[in-house]
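Descriptive structure summary
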Amino acid sequence: MFGVCLRYFPNAEIAQDILQDGFIKVFENIHSFRFEGSIEGWIRRIIINTALEYHRRIREDKEVDLSDASLVIEEPSNSDFDYRQLLLIVSSLPNQYRIVFNLYAIEGYSHSEISEMLEISESTSKSNYSRARAILRDKVNKIADFERYAFL
Amino acid sequence: MHFYEPGAYEDFIGKLASIRLKPSPKVWIAISSHLQCKESARKRILLQRLVAAASFILLFGISYFTFLIFNININNEIPLWGHHDNSSNIIPLYSVLTTQDDFNLKRTSNEAIKPFTGDMYGSSVNLNIFSLDNNDNDHLLTTIKPIVSTIPIVKEEIFQGRTLHAYLQTDYTTNNLTLDHVYHNGNITTTDDYTKKWELIAYINPTYAYHTTAALNQKLNPNEIGAWMWGGDIMIKRRISRYFSISSGLQLSPIGQVNKNVVLLRSDSYNKDMMVLSANTSYGVVSLENRVVAISNFSTLACAPPSVIKSSTVTPARLSQHFYFLEIPIIVSTSLKKKYFEAEFKLGCSSGILISNQFEVISTEGKFYGKTENVRLYNTNAIGSVCFNIPFKNELVLAIEPSMKLSLNPISYSYISTYPFSTALKIGIGYKF
């Protein structure tokens, strides 16, 4: 879940705050879990909602500093690739784009659902995702090209 | 046929979705402590609500009980005196006085009195109001104009400094006793108790103040005890019905404690500044601004560098922390009255600001003063008390009131589990007007 938080806000302190608030909600509302789906999915949804609440609170479109995050995160379980690089790429997106990208491309929500969650229009959601994808594709391709040349 | 092959972007999304990271252990500690805090706060709120509910039930229970007692008196009337429209003679009809002597007194006081044998409830009677003055027992006072549908009731009242046996009127149809009207010397007049609706009361309060928890850290504060202090109230009370009153005013509310187990260190050389040591109490941290002396709890002293202790004179000291709040209370009370004696049950709340925060360190080295740190500048309290009113002049009342006050918020921002409370024996003089 910490990874989920970092995808939405690639800053360790903010992500930990969201994780903390999210898990407090989980423990306080555990009685309302109906055992109709997976508990992980339920917790994930609460964490995402908490991240969205945080996003609504700040509503500031500014770059997030990842330098602090790298100091706090401990023992990544996936050592086969550098998670820092991935989060650095995501952190280059403006907040709104990053949220829409995460909700659409990773969580699998539709644009109409995202428009309701973020209180934006459906076309804005599509536009945000399109721009986020363009930015990310560009960066990822550049990195891939760089790695290919470095390999040669 | 060409199939779509995932590129670097799709690979990136796949890797991003599968990031697994462990948060700092601090997060879980924070979650745990937060949940514990919430749980204790929930329990506290539940307790407060229970106390509030119990208090209101008690208040209304007492009120109802009081009402019931008075109502029983009305319903238990014994026929004694009365007067029929169609008869010129005064005849016995009703009384609330049950003693035979009293009955005989009335019977023998006038030859014209005869027992009433008619069906009182079945007939539509117009009854007169009479009064009988103790100073003039030989005759009944003359009758006055009949009051329709009333039943005269003999009641002993204090009126203008004299004991008066007066017939009070009650509504025949509703049994609603109107005690505020007494007939005397041809006039229907009122007793002072219920018409004087305002009362100004000044209290002086010897108070024992302490807090609900023992010391936050028992190792640091093994010897904290409550403190005796003085407070005072000036209250104005308004009677809003026969049984209920509401009062407000100004209260000087003391809170404090004494810690006998602190040490005072004085620098051997007066020119040498002491290392700053502080005593940790349940009401907050105290430290002296004087640069050649310092105070400490024993345990923190043990943690201090040995050079500090070696170069100092160590003497035991007594620390008294005193806080005074100026508060505005709102108190609702219900009263039980029997003859001249009145008991009032009071519940209320108060809110106020801190006007004095001082601690005093007393040792053989001298007295030192300062302020406890990080103390809240306002407070709110729940108040409960029982007041015994004893009239000793027409308008003056002596009030003795054991009371208890519990703060609803901690006094220190640092120690959220320390809730001050105080018990006081208020002694006051009230003036009714």
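The preceding data block contains the structure.
Residues numbered from 1 in each chain as written. Chains lettered and ligands numbered in written order. Predicted model: local features only at pLDDT ≥ 70, side-chain atom pairs only at ≥ 80, totals over all residues. Heavy atoms only, no water.

**Examining the overall build of chain A**
Condition: A helix here means a DSSP run of H or I that spans at least four residues, while a strand means a run of E at least two residues long, and both kinds are numbered starting from the N terminus. Accessibility here uses a 1.4 Å probe with only protein chains present; expressed as a share of the type maximum, an area under 20% marks a residue as buried, one over 50% as exposed, and anything in between as partly exposed. Two residues form a contact once any of their heavy atoms are found within 4.5 Å. We get accessible surface area from the Shrake-Rupley algorithm with a probe of 1.4 Å; when it comes to residues, only the shown protein chains can shield them.
A tally of regular secondary structure across chain A gives eight helices and zero strands. In chain A, the succession of α and β elements from N to C terminus is α-α-α-α-α-α-α-α. Residues classed as buried in chain A amount to 47% of the 152 residues present. Summarising the internal contacts of chain A: among those between residues at least 6 apart in sequence, 68% fall at separations of at least 24. Of the roughly 8,200 Å² of accessible surface on chain A, a fraction of 50% belongs to carbon and sulfur atoms.

**What about unusual backbone geometry?**
Phi at A:E119 takes a positive value of approximately 55 degrees, unusual for a residue other than glycine. Positive phi, close to 60 degrees, is recorded for B:N374, a residue that is not glycine. In this structure, B:N374 sits in the loop between strand 18 (366-370) and strand 19 (378-391).

**Some thoughts on the pairing of strand 10 (residues 198-211) of chain B**
Each regular strand carries side chains that alternate between the two faces of the sheet. Residues and elements named next belong to chain B. The cut-off we apply is this: For two strands to be treated as a pair, DSSP must find no fewer than two bridges joining them.
Of the pairings in the sheet, the one linking strand 10 to strand 11 (residues 224-239) comprises 12 bridges and is antiparallel in character. Bridge pairing links T207 to M229 in strand 11. Taken together, the 11 bridges between strand 10 and strand 21 (residues 420-432) define a ladder with antiparallel strand orientation. Directly across from Y208, in strand 21, lies its bridge partner T423.

**Concerning helix 7 (residues 111-118) of chain A**
All names here are of chain A. This is how the line gets drawn: Summarising the geometry, the arc corresponds to the directions from the helix axis toward the C-beta atoms.
Within helix 7, the full set of buried residues consists of H111, I114, S115, M117 and L118. Buried positions in helix 7, seen along its axis, are confined to an arc of 165 degrees and lie on one side of it. E119 sits one or two positions beyond helix 7 and adopts a positive phi of about 55 degrees.

**Side note on the interface of chain B and chain A**
Rules: Summed over both partners, the accessible area (1.4 Å probe) lost when two parts come together is defined as the buried area. Each reported salt bridge corresponds to a side-chain nitrogen of Lys or Arg within 4 Å of a carboxyl oxygen of Asp or Glu. What qualifies as a polar contact is a pair of N or O atoms within 3.5 Å, subject to a donor-acceptor requirement within protein and to the restriction that residues adjacent in sequence count only when both atoms come from side chains.
Each partner contributes residues to the interface: chain B has 24 residues there, and chain A has 34 residues. Of all residues in chain B, B:Y9, B:F12 and B:L21 bury the most surface against chain A, accounting for 27% of the area lost on that side. The interface formed by chain B and chain A includes zero salt bridges. Remark: the boundary between chain B and chain A carries zero residue pairs in polar contact (both at pLDDT 80 or more).

**So, the packing of aromatic side chains**
Heads up, the rule is: Each Phe, Tyr or Trp ring, with Trp reduced to its six-membered ring, pairs with another whose centre is within 6.5 Å; inter-plane angles below 30 degrees give stacked pairs, above 60 give edge-to-face pairs, and intermediate values give tilted ones. Geometrically, a charge over a ring is one whose NZ (Lys) or CZ (Arg) sits within 6 Å of the ring centre while staying within 35 degrees of the ring normal.
The tally for this structure, following the rule as stated, stands at seven aromatic pairs over all chains. With a centroid separation of 5.0 Å and 80 degrees between ring planes, the pair formed by A:F9 and A:Y54 is classed as edge-to-face. One end of the pair, A:F9, is in the loop between helix 1 (2-8) and helix 2 (12-28); the other, A:Y54, is in helix 3 (residues 39-58), with 45 residues separating them in the sequence. For the pair shown, A:F9 and A:Y54 are each scored as buried. Members of the aromatic cluster, connected to one another through ring pairs, are A:F23, A:F27 and B:W28. Here A:R98 stacks its cationic end above the ring of A:F9, 5.8 Å away from the centre of that ring. The residue whose ring lies beneath B:K426 is B:Y203, and the NZ or CZ to ring-centre distance is 5.3 Å.

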